[in-house]
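# Close look at the chain arrangement
Here are the chains, one letter per residue:
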Amino acid sequence: GLVAFTHDLIQQHVYESIDLTQRRELHFNIALFLGLKTSMNSTSIKAMSSIEDDFINLYVAESKTAEGPVISERSLLSIATDHVNLASPKFISELSRRKLFATWNLI
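The structure contained in this document is the topic of the report that follows. (Residues numbered from 1 in each chain as written. Predicted model: local features only at pLDDT ≥ 70, side-chain atom pairs only at ≥ 80, totals over all residues. Heavy atoms only, no water.)

On to the packing of aromatic side chains. Inspection of the entire model under this criterion finds two aromatic pairs. Three or more aromatic residues joined by ring pairs form one cluster here, namely Phe28, Phe101 and Trp104. Lying over the aromatic face of tyrosine 15, arginine 23 brings its terminal NZ or CZ to 4.9 Å of the ring centre. (Phe/Tyr/Trp six-rings, centres within 6.5 Å; stacked < 30°, edge-to-face > 60°. Lys NZ or Arg CZ within 6 Å of the ring centre and 35° of its normal.)

All right, on to the packing of helix H2 (residues 20-36) against helix H4 (residues 76-86) then. Interhelical geometry of H2 versus H4 gives an angle of 155 degrees and a closest axis separation of 7 Å. Relative to H4, H2 is oriented roughly antiparallel. In the packing of H2 onto H4, the handedness of the crossing is left-handed. Residues Arg24, His27, Phe28, Ile30, Ala31, Leu34 and Gly35 of H2 pack against Leu76, Ile79, Ala80, His83, Val84 and Leu86 of H4. Broken down by class, the residue content of the contact of H2 with H4 amounts to nine nonpolar, three polar and one charged. (Axes fitted to C-alpha atoms, helices over the stretch in contact; angles between N-to-C directions. Helix = DSSP H or I, 4+ residues; strand = E, 2+ residues; numbered from the N terminus. Parallel < 35°, antiparallel > 145°, perpendicular 65-115°, else oblique. Left-handed = near helix turned anticlockwise from the far one by under 90°. Contact = heavy atoms within 4.5 Å. Nonpolar A, V, L, I, M, F, W, Y, C, P; charged D, E, K, R; others polar.)

By themselves, these are just geometric observations and shouldn't be taken as functional.
Written as C-alpha cells, this is what we have:
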C-alpha cells in the first residue's frame, strides 16, 4: 500500500531504521523493477526514444516549500539509476547487469 509521511524527519527516521543491507537490497530491487518497465532492460540497448514512448515523464516531488511541493520532471530510467547507485555493488554480481547499469549511468 501507499505510505505517506506527515514530516520529512519521520520519513528519514523510518528509512534509517531499516537495516543497511536491507536498504541496499530494497534499492536494488526497485531499480530492477523500474528498469524492467523501460526498454533498456534488453540485452541490446534500444533507442532512448522508446523509453519516452512508454513513459513520457514522471513528475517527482523533490522538496517542499510553503507554497507546496517542488515538482521536477525525471525519466523512469533516471530514477532507476539513482536506486542502482544507492544499492551495494554486492547485489550486482552478473557482468551483464554491471554493464547494463553502467550504461544507465552514462545516459
